[in-house]
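Residue-level structural notes
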Amino acid sequence: MIKVETMSDRVGLLRGLMFRTSLAPDHGMLFVHPKPDQYSYWMYQTLIPLDIIWLDSNRKIVEMVENAPPCKTQASKCEHYGGKQIAAFVLEIGGGMARKYGLHVGQTIQW
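Residues numbered from 1 in each chain as written. Predicted model: local features only at pLDDT ≥ 70, side-chain atom pairs only at ≥ 80, totals over all residues. Heavy atoms only, no water.

1. Concerning the nonpolar core
Grouped together as the largest cluster of nonpolar side chains are 21 residues, with contacts concentrated most on Phe31, Tyr41, Met43, Leu50, Ile52 and Trp54. Listing elements by their share of this core, those giving two or more residues are β2 (27–37), β4 (50–55), β5 (61–68) and β7 (87–94). Within the second largest apolar cluster, 13 residues are counted, among which are Leu55, Phe89, Ile93 and Ala98. (Core = buried A, V, L, I, M, F, W, Y, C linked by side-chain atoms within 4.5 Å. Buried < 20%, exposed > 50% of the residue type's maximum accessible area, 1.4 Å probe, protein only. Helix = DSSP H or I, 4+ residues; strand = E, 2+ residues; numbered from the N terminus.)

Take a look at the structure:
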């Protein structure tokens with residue numbers, strides 16, 4: 001089981017896990033977007049590696065990036081991840097946790 005903080009307001013969606021120096025192994029952040037769309041994420045001012053998981057409205061995993069590294073450069077040079085599929089939710093967990101839980105594209109997450 002993963003315990004998540006939920007972000008659904010504009011500020012929370014923008015800030016996410018920025019500036020955090022650690023994340024407990026079975027914890028994460030769930031981003032609830034206002035409507036399904038293509039949402040890319042980046043690691044600007046994020047200090048820890050993350051697994052980023054995009055889910056559709058039915059909570060099916062439609063895209064994943066494992067161990068996205070922190071971006072240690074200017075914002076304009078940070079890589080953008082995902083956003084190729086339509087998603088309603090994005091789950092960020094510590095790098096390596098997706099593998100620990102056996103998560104994969106096509107799987108449905110329960111909550």
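2. Notes on unusual backbone geometry
In this structure, Gln45 is a non-glycine residue whose phi angle is positive, near 60 degrees. With respect to the helices, strands and loops of the structure, Gln45 is situated in the loop between β3 (41–42) and β4.

3. Examining the state of the cysteines
Taken as a whole, this structure holds one disulfide when the rule is applied. Between the sulfur atoms of Cys71 and its disulfide partner Cys78 the distance amounts to 2.0 Å. One quick way to see it: the torsion about the S-S bond of Cys71 and Cys78 is about -90 degrees, and its sign makes the bridge left-handed. (Disulfide = S-S within 2.5 Å.)

4. Details of the sheet that holds β7
What holds strands together in a sheet is hydrogen bonding between their backbones, with the strands either parallel or antiparallel. Spatial strand order, β1-β2-β7-β4-β5: five strands in an open sheet with mixed pairing. On the outer flanks of this sheet lie β1 (3–7) and β5, each paired with one strand and no other. The sheet shows a mean angle of 20 degrees between the axes of neighbouring strands, direction not considered. Bridge analysis of β4 against β7 gives six bridges, and the strand direction is antiparallel. For Asp51, the partnering residue across the bridge sits in β7 and is Ile93. (Pairing = 2+ DSSP bridges. Axes fitted to C-alpha atoms, helices over the stretch in contact; angles between N-to-C directions.)

5. Here we look at the pairing of β4
For a regular strand, side chains alternate in direction, first toward one face of the sheet and then toward the other. Counting buried positions over the six residues of β4 gives six, a clear majority of the element. Residues Leu50, Ile52 and Trp54 of β4 are buried on one face, and the alternating residues Asp51, Ile53 and Leu55, pointing to the opposite face, are buried as well. With five bridges joining them, β4 and β5 adopt antiparallel strand pairing. By the bridge assignment, Ile53 is partnered in β5 with Met64. Connecting the antiparallel pair β4 and β5 is a turn made up of five residues, with Arg59 showing a positive phi of about 70 degrees.

6. A closer look at the pairing of β7
The buried fraction of β7 amounts to eight of the eight residues, a majority that puts the element mostly inside the structure. Here β2 runs beside β7; their pairing, made up of six bridges, is antiparallel. Bridged to Leu30 within β7 is Leu91.

7. A word on the environment of Leu14
Following the sequence through the fold, Leu14 ends up in helix α1 (residues 10–15). Residue class for Leu14 comes out exposed when judged on its relative accessible area of 56%. A sequence separation of 89 residues divides Leu14 from Leu103, and the C-alpha atoms of the two residues are 25 Å apart.

8. Examining the packing of aromatic side chains
Per the stated rule, a full pass over the model turns up four aromatic pairs. Ring geometry for Phe31 against Tyr41: centres 5.3 Å apart, planes inclined by 75 degrees, an arrangement best described as edge-to-face. Of this pair, Phe31 sits in strand β2 while Tyr41 sits in strand β3; the two residues are 10 residues apart in sequence, bridging distant segments of the chain. Take Phe31 and Tyr41: they sit in the same class, and that class is buried. Ring centres of Trp42 and Tyr44 lie 5.2 Å apart, and the angle between their planes is 40 degrees; on these two criteria the pair is classed as tilted. Classification of Trp42 by relative accessible area gives partly exposed; the value is 30%. Exposure remark for Tyr44: the relative accessible area of 23% places this residue in the partly exposed category. (Phe/Tyr/Trp six-rings, centres within 6.5 Å; stacked < 30°, edge-to-face > 60°.)

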